[in-house]
Amino acid sequence: MSLLIVLLGILLLLVLIIKKLNPMIALLLVAIVTGLFLGMPAAKVMAAVSNGIGSTLGSMVMVLALGAMMGKLIEDSGAAKKIVFILIRAFGQKNIQWAVLITGLLVGIPLFYNAGFVVLIPLVFAIASATGLPKLYIGIPMAAALSVTHGFLPPHPGPVSLAAIFHADVGKTLIYGLVLSIPIAIIAGVYFPRLIIKKPFGHDTMQFKIAEDEHLPSTAKSFFTALLPVFLIIAGTVGTAIKSPYLAKPVFIFLADPTAALLIAVLITVLIQDNPIAKAMESCVEGVKSIAMIILIIAAGGAFKQILVDSGVGETVKLFTMGLNLSPLFLAWLITASLRATLGSATVAALTASGIVLPFIGIGASPELMVLAVGAGSLMFSHVNDTGFWMFKEYFNLNLKQTFKTWTAMETIVSVLGLIGVLIINNFI
């Protein structure tokens, strides 16, 4: 009966989202209604809502805020554009997809998906126009790279919030996520478009140039600032993993904390960029404004998660699935993928699934791999109820059939390969 009530709650969430109700309000409303119908006293429901919001945001709100500041600083300083120009010059026209893919991965780490898409799409169109290559041939590598960073790599909202909920180590999640992201991005972003898109004859003889603004930062500075948060977190995680005590270990323990790593990265970026500090602070403010609603949606998702945990639904699902003899990582992916196809939003699907699959941790699944399994499921089968679907369709001027054959297929490939990669990594740790 409790599972039926949760299913009805998810259907209500779907209806509210279809009716264009704000996802934060929809999640909060469904959390309260579901808790009441599950027989929880009203006071306990509201306590669960408060605890869910506090526990979810408490350990990750600064990570999200600092990550948004970092991304906006990189965007406004011109470092993102500089990386694009350098990689295009380095790879040349013949390997232009690889240049766009690597650009998407580098820019996608500090920038959120929508911001990265908006920053890179004019450059994708410029490359396509200058080379005579189809826009999708250049655009899919960019979209695939941004998708894998969105689903698998902190400091993006989904992985960070899931790491907080599952008590996963963010550094380990980032390392495992990088192991997954690179091969998946290559398959979905380079080889997939080559299978479905025919290049026009003779394109290799064309020459192209993209005007590079002389006021952009240096190559070294651009790559340094874009990758600094990743290097700090990975260095801290690797240094902390060394069991024997040594003098610098407290420093690495400090760096392994994503809040500390991102704070250091923001401060260093502010100090070394060419813009005045006042201008940099304006960028930081704008960066946080851009994710304010994302933070509120995550908070409401945390409330719904806590309702599912406190009501015992997660334990019910655990008992129900134990007889199926399936990997908990596969079950987490399957539940999240089903919610993604139903609800549309990757973040909402991941947060909704987290409360259901939380009891799976410890029965054959590490918290870090559970984050990645849920992240992979949240990218599954994007279609008409997902804003990313419509953004891709409209920017590339596609009809629905074309969008399903390109965007939806690419997202599904990323999701399925993500699941396979998680299961493979699970056999080695």
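Residues numbered from 1 in each chain as written. Predicted model: local features only at pLDDT ≥ 70, side-chain atom pairs only at ≥ 80, totals over all residues. Heavy atoms only, no water.

Student: Whenever I open this one, the overall build of the protein chain confuses me. Can you help?
Tutor: A tally of regular secondary structure across the protein chain gives 21 helices and 0 strands. Relative to the globule expectation of 22 Å for 429 residues, the C-alpha radius of gyration of the protein chain, 22 Å, shows essentially globular dimensions. Relative to its 429 residues, the protein chain shows a buried fraction of 55%. Excluding contacts between residues fewer than 6 apart, the proportion of contacts in the protein chain whose partners are at least 24 apart in sequence is 80%. Split by element, the accessible area of the protein chain, about 18,000 Å² in all, is 70% carbon and sulfur. (Helix = DSSP H or I, 4+ residues; strand = E, 2+ residues; numbered from the N terminus. Rg over C-alpha atoms; globule rule 2.2 N^0.38 Å. Buried < 20%, exposed > 50% of the residue type's maximum accessible area, 1.4 Å probe, protein only. Contact = heavy atoms within 4.5 Å. Areas by Shrake-Rupley, 256 points an atom, 1.4 Å probe, with all protein chains shown as cover.)

Student: Any chance you could explain the packing of aromatic side chains here in plain terms?
Tutor: Between two aromatic rings, the relevant description is the distance of the centres plus the angle of the planes. By the definition in use, this model includes 9 aromatic pairs. Taking 5.4 Å as the distance between ring centres and 80 degrees as the angle between the ring planes, the aromatic pair formed by Phe 389 and Trp 390 counts as edge-to-face. Judged by relative accessible area, Phe 389 falls into the buried class, the value being 0%. Take Trp 390: its relative accessible area is 35%, and that puts it in the partly exposed class. Chaining the aromatic ring pairs together yields one cluster made of Phe 125, Phe 392, Phe 396 and Trp 407. Just above the ring of Phe 125 sits the side chain of Lys 135; from NZ or CZ to the centre is 4.6 Å. (Phe/Tyr/Trp six-rings, centres within 6.5 Å; stacked < 30°, edge-to-face > 60°. Lys NZ or Arg CZ within 6 Å of the ring centre and 35° of its normal.)

Student: Please explain the side chain of Thr 408 as it appears in this structure.
Tutor: Mapped onto the secondary structure, Thr 408 falls in helix α21 (residues 400-426). Here Thr 408 is in contact with Phe 381, Ser 382, His 383, Phe 389 and Thr 403, once residues within four sequence places are set aside.

Student: Please clarify how the pattern of salt bridges should be interpreted in this entry.
Tutor: As a working rule, side chains carrying opposite charge can pair if their charged atoms are close by. Applying the stated rule across the entire model yields 6 salt bridges. Among the ionic pairs, Asp 274 bridges to Lys 221, the shortest N-O distance being 3.3 Å. With Asp 274 in the loop between α13 (258-272) and α14 (277-290) and Lys 221 in helix α11 (residues 219-241), this residue pair connects regions lying 53 residues apart in the sequence. Overall, the relative accessible area of 60% leaves Asp 274 in the exposed class. (Salt bridge = Lys/Arg side-chain N within 4 Å of Asp/Glu carboxyl O.)

Student: Could you clarify how one ought to interpret unusual backbone geometry in this entry?
Tutor: Trans is the common state for peptide bonds, and a negative phi is the common state for residues other than glycine. Residue His 167 is not a glycine yet carries a positive backbone phi of 55 degrees. Of note, His 167 is situated in the loop between α9 (157-166) and α10 (170-196). In this structure, Asn 397 is a non-glycine residue whose phi angle is positive, near 55 degrees. Following the sequence through the fold, Asn 397 ends up in the loop between α20 (387-395) and α21. Note on Asn 397: relative accessible area 70%, which makes it exposed.

Student: Mind showing me how you'd approach the nonpolar core here?
Tutor: Most often, soluble globular proteins have nonpolar side chains that are buried together. Ranked by internal contacts, the top residues of the largest apolar core, which has 142 residues, are Ile 138, Phe 152, Val 357, Phe 392 and Met 410. If one sorts the elements of this core by residue count, helix α8 (residues 135-152) sits on top with 11 residues. Non-local contacts of Phe 392, meaning those with residues more than four positions away in its chain, are made with Phe 117, Leu 136, Ile 140, Ala 143, Leu 398, Thr 403, Thr 406 and Trp 407. (Core = buried A, V, L, I, M, F, W, Y, C linked by side-chain atoms within 4.5 Å.)

Student: Even after reading the chapter, I still don't get a nonpolar patch on the surface, so can you show me in this structure?
Tutor: Residues Met 1, Leu 4, Leu 7, Leu 8 and Leu 11 make up a contiguous nonpolar surface patch of about 520 Å² in total accessible area. Relative to the helices and strands, Leu 11 resides in helix α1 (residues 2-18). You can call Leu 11 partly exposed: its relative accessible area is 39%. (Patch = residues over 30% accessible without salt bridge, like charges linked within 9 Å, V, L, I, M, F, W, Y side chains within 5 Å.)

Student: Explain helix α4 (residues 61-77) to me, please; I cannot follow it from the model alone.
Tutor: Because an α-helix completes one turn every 3.6 residues, residues spaced three or four positions apart along the sequence face the same direction. Taking 1.5 Å of rise per residue, 17 residues should cover 24 Å, and α4 covers 24 Å from first to last C-alpha, within 8% of that figure. Of all the positions in α4, only Val 63, Leu 64, Ala 65, Leu 66, Gly 67, Ala 68, Met 70, Gly 71, Leu 73, Ile 74 and Ser 77 are classed as buried. Check the buried side of α4 and you find it contacts α5 (79-91), α9, α11, α13, α14 and α15 (292-310). In the segment just after α4, Gly 78 is the residue with positive phi, at about 90 degrees. (Expected span 1.5 Å × (residues − 1).)

Student: Quick question: what am I supposed to make of the packing of α9 against helix α18 (residues 346-357) here?
Tutor: Two packed helices can be described by the angle between their axes and the distance between those axes. Between α9 and α18, the shortest axis-to-axis distance is 10 Å and the interhelical angle comes to 15 degrees. The angle between α9 and α18 falls in the class roughly parallel. Two packed elements cross with a definite hand, and for α9 against α18 that hand is right-handed. The residues of α18 that touch α9, namely those facing Ser 161, Leu 162, Ile 165 and Phe 166, are Ala 350, Leu 351, Ser 354 and Val 357. Along the lines of polarity and charge, the residues of the contact of α9 with α18 split into 6 nonpolar, 2 polar and no charged. (Axes fitted to C-alpha atoms, helices over the stretch in contact; angles between N-to-C directions. Parallel < 35°, antiparallel > 145°, perpendicular 65-115°, else oblique. Left-handed = near helix turned anticlockwise from the far one by under 90°. Nonpolar A, V, L, I, M, F, W, Y, C, P; charged D, E, K, R; others polar.)

Student: Help me understand the confidence of the model for the protein chain, please; the structure alone is not making it clear to me.
Tutor: Interpretation of this model should avoid reading the predicted coordinates in detail wherever pLDDT is low. Mean pLDDT over the protein chain works out to 85, with 94% of the residues at or above the 70 mark. In this model residues 201-208 is a low-confidence stretch, pLDDT under 50, and it forms 15 contacts with partners more than four residues away in sequence or in other chains. (pLDDT = per-residue confidence, 0-100.)

Student: For this particular structure, what's the right way to read helix α2 (residues 23-37)?
Tutor: Taking 1.5 Å as the rise per residue, α2 with 15 residues should run 21 Å; its terminal C-alpha atoms sit 21 Å apart, in good agreement. Of the surrounding elements, those touching the buried residues of α2 are α1, α3 (42-58), α15 and α18. Between a side-chain oxygen at the N-terminus of α2 and the backbone nitrogen of Met 24 the separation is 2.8 Å; the capping residue is Asn 22. Backbone geometry just after α2 places Gly 39 at a positive phi near 90 degrees. (Polar contact = N/O pair within 3.5 Å; in protein donor to acceptor, adjacent residues only side chain to side chain.)

Student: Sorry if this is basic, but what is going on with the packing of α20 against α21 here?
Tutor: For the pair α20 and α21, interaxial distance at closest approach is 10 Å and the crossing angle is 115 degrees. By the angle between their axes, α20 is roughly perpendicular relative to α21. For the element pair α20 and α21, the recorded crossing hand is right-handed. Here Gly 388, Phe 389, Trp 390, Phe 392 and Lys 393 of α20 lie close against α21, whose contacting residues are Leu 400, Thr 403, Phe 404, Thr 406, Trp 407 and Thr 408. Class assignment for the residues of the contact of α20 with α21 results in 6 nonpolar, 4 polar and 1 charged.

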